[in-house]
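# Results of the structural survey
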Amino acid sequence: MNDKKQPRRDFIKKSAIAGAGFMALPAGTLFGKNKPSDRLNIALLGAHGRARAHYETLKDENVVAICDVNQLNMDLCAKEFPKAKQYQDWRKCLDHPGLDAVLCCTTDFTHAFIANWALHRDLHVYMEKPLAITVEEARMVRETYLKKKDKLATQVGMQRHAYENFNRLREMIHDGGIGELKEAYAWGNRQLRRPGYLPASGKPPSTLNYDLWLGPSPEHPYNPGYFIGRPGANCLEWNMYWDFGVGQMGDMGSHTMDLLWNVIDAEQPTSVKATSPEAFNPEVTPVELTSSWRFPANDWRDEIRVSWYQGGAMPQSPSSWIDLNKIGHGAMFKGEKGFIIADFRRRLLIPSGKEADLTYFNIRSKDELLPELGHFQKQWTNACKNGKPAATACNFEYSANMIEALCLGLCSFRAGESLNYDGRKGRFTNNASANQYLSKQYRKGWSFVG
Ligand SMILES: NC(=O)c1ccc[n+]([C@@H]2O[C@H](COP(=O)([O-])OP(=O)(O)OC[C@H]3O[C@@H](n4cnc5c(N)ncnc54)[C@H](O)[C@@H]3O)[C@@H](O)[C@H]2O)c1
């Protein structure tokens with residue numbers, strides 16, 4: 001609890017300073033149109049589907065290049081940005097002259113590559129979630145980013161982070177609403193069951209460059225089934241296969257774990273243990289999974305255990321009165337003196353135990369509340385311009401730490417045992433052979449560095 005380890009006033013002061021970074025914007029940029037000279041020259045990679053959610057923000061900037069492996073999707077995007085030069089290959093698009101920034105909505109298995117290549121070119125990057133699909137990818141992007149964080153603004157598309165509930169949860173727990181924090185849990189109930197990679201079926205249409213779609217992924221035959229989803233949800237057709245994604249950990253896990261990641265101030269865990277009723281399938285990521293990590297103590301809390309449950313696995317409810325299954329994607333915090341249960345927008349504080357009289361809860365006044373984040377995508381475009389590039393809420397340090405932990409859960413699942421982790425070296429210390437799961441094989445000719 002903060003009053004023991006960090007005086008609450010100090011915490012509020014620190015939070016307000018951090019928050020001030022989010023709010024210090026150049027005049028005329030917040031929600032408004034920019035002067036032409038203030039506009040970023042942006043490349044949009046992965047031009048349709050999820051990208052549609054970014055078109056409005058992008059219209060306040062100069063979209064000078066768009067990139068898609070599917071000409072039909074490129075054509076739809078070109079209607080919005082008719083002046084943008086068109087590319088099929090993101091490696092060429094990143095060398096478009098005069099670029100300031102890229103916003104990327106391609107497949108998950110290209111994210112770490114594109115992030116790293118863009119950072120190497122000194123481009124600001126907004127990357128859709130998940131930032132990476134292996135521990136090695138997460139660490140590599142973070143390392144590149146940390147060398148450039150004073151000049152490049154980054155953000156991962158965990159846009160629910162802008163909901164005010166995120167700040168309220170952080171305040172309630174840091175201000176002692178449940179006493180000393182002991183455990184945190186998050187869960188998601190989405191279940192996408194697939195037997196294995198789709199079999200070869202037909203030829204790719206002339207409008208799709210399937211070879212570039214595969215990009216760094218090991219070879220898998222074309223099947224139209226990877227492309228049948230509605231725009232913005234097509235990721236559900238490929239993200240559960242090991243070579244294309246990390247299943248629900250990278251999908252809803254990126255959003256739902258963020259509810260607690262924003263509270264706990266953690267970096268790398270010291271151990272991880274994942275279990276599933278399902279046997280390891282070398283083609284498909286597990287549907288039902290429970291993964292728990294131990295994170296070391298920091299300056300305001302003790303060591304804690306954090307757990308993620310997916311595909312039907314659920315944490316135990318604190319009371320028979322409460323059915324956690326009613327919350328499809330949620331989080332729970334357990335303290336010495338109570339619980340907080342939350343979804344993305346709402347929270348319930350439940351004092352618990354004999355001493356749960358709330359006298360220990362240092363409720364802050366309205367003017368001490370953490371400042372609103374504002375518009376999530378604009379937080380990034382503003383950070384590209386305002387001289388405070390690292391002030392984005394989901395920058396590549398914050399987000400790489402979180403996806404690294406999630407991917408470690410999958411390593412433990414594959415190893416079939418609890419693993420101790422040296423976060424400084426990025427290696428398991430009790431099972432050398434489990435280190436093979438930290439990284440994966442790519443197709444010849446594709447490199448992280450370019
Ligand atoms: N933040 C969110 O809430 C949210 C919601 C949905 C999807 N997403 C993320 O957005 C990304 C895209 O999801 P989607 O459902 O739109 O997927 P999608 O399969 O529809 O792909 C999006 C677009 O990228 C193009 N594309 C694919 N590979 C490419 C490549 N190598 N180079 C250039 N273009 C390429 C596709 O043709 C398509 O136009 C995923 O990473 C997903 O996790 C995030």
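Attention here is on the structure that accompanies the text.

Rules and cut-offs
Residues numbered from 1 in each chain as written. Predicted model: local features only at pLDDT ≥ 70, side-chain atom pairs only at ≥ 80, totals over all residues. Helix = DSSP H or I, 4+ residues; strand = E, 2+ residues; numbered from the N terminus. Rg over C-alpha atoms; globule rule 2.2 N^0.38 Å. Buried ≥ 20, exposed ≤ 12 C-beta atoms within 10 Å, placed from the backbone. Pairing = 2+ DSSP bridges. Contact = placed C-beta atoms within 7 Å. Axes fitted to C-alpha atoms, helices over the stretch in contact; angles between N-to-C directions. Near = placed C-beta within 6 Å. Nonpolar A, V, L, I, M, F, W, Y, C, P; charged D, E, K, R; others polar. Parallel < 35°, antiparallel > 145°, perpendicular 65-115°, else oblique. Left-handed = near helix turned anticlockwise from the far one by under 90°. Core = buried A, V, L, I, M, F, W, Y, C linked by C-beta atoms within 7 Å.

Moving on to the overall build of the protein chain. Assigned secondary structure in the protein chain consists of 13 helices and 15 strands. At 22 Å, the protein chain has a C-alpha radius of gyration in line with the 22 Å of a compact globule built from 450 residues. In terms of overall dimensions, the protein chain has C-alpha extents of about 70 × 55 × 40 Å along its principal axes. A total of 450 residues make up the protein chain; the buried ones form 47% of that total.

Moving on, we come to the sheet that holds strand β13 (residues 347-351). Strand order across the open sheet formed by nine strands is β13-β12-β11-β7-β10-β9-β8-β14-β15, with mixed pairing between neighbours. Looking at the sheet topology across the chains shown, the edges are occupied by β13 and β15 (427-428). Note that strand β8 (residues 271-275) and strand β14 (residues 419-422) share two bridges and pair antiparallel. Bridge pairing in β14 places S271 opposite N420. Strands in contact with helix α11 (residues 252-264) are β7 (181-188), β9 (289-295), β10 (304-310), β11 (329-335) and β12 (338-342); relative to β7, the strand with the most contacts, it is inclined by about 165°.

Turning our attention to the site of the ligand. Near the ligand lie 28 residues; those nearest to it are G46, G49, R50, N73 and N234. Broken down by secondary-structure element, the contributors of at least two residues to the shell around the ligand are α6 (108-120) and α9 (210-214). Considered class by class, the residues forming the shell around the ligand number 10 nonpolar, 13 polar and five charged.

Think of two packed helices as two axes; the pair is described by the angle between the axes and how far apart they sit. The N-to-C vectors of α6 and helix α7 (residues 135-148) enclose an angle of 20°; their axes lie 10 Å apart at closest approach. In terms of axis orientation, α6 runs roughly parallel to α7. Regarding α6 and α7, the two cross each other, and that crossing is left-handed. Where α6 approaches α7, its residues A112, A115, N116, L119 and H120 are matched on the opposing element by E137, M140, V141, T144, Y145 and K148.

A separate point is the environment of P371. As for its placement among the helices and strands, P371 is situated in the loop between β13 and α12 (376-385). Along the backbone, P371 and E164 are 207 residues apart, and their C-alpha atoms lie at a distance of 9.0 Å.

Time to look at the sheet that holds strand β6 (residues 154-156). Taken in spatial order, the six strands of this open sheet run β3-β2-β1-β4-β5-β6, and their pairing is parallel. Strands with a single pairing partner mark the edges of an open sheet, and in this sheet they are β3 (85-87) and β6. Looking at each pair of strands side by side, their axes are set apart by 20° on average, direction ignored. Two elements, strand β1 (residues 41-45) and strand β4 (residues 101-104), share four bridges in a ladder whose sense is parallel. Bridged to L44 within β4 is L103. Running at roughly 170° to strand β2 (residues 62-67), helix α4 (residues 71-80) makes contact with β1, β2 and β3 of the sheet.

If you look at the biggest cluster of nonpolar residues, it comprises 118 residues, and the most contacted ones within it are A43, L44, V102 and L131. For this core, the leading source of residues is helix α13 (residues 396-415), giving 13 residues. Dropping the residues within four chain positions of it, V102 is found in contact with I42, A43, L45, L94, A118, L123 and V125.

Cis geometry marks the peptide bond from K129 to P130, where omega comes out at -10°. Within the fold, P130 resides in the loop between β5 (124-127) and α7. Phi at D122 is positive, roughly 60°, even though this residue is not glycine. Unlike most non-glycine residues, L358 shows phi in positive territory, near 65°. On the secondary structure map, L358 appears in the loop between β13 and α12.

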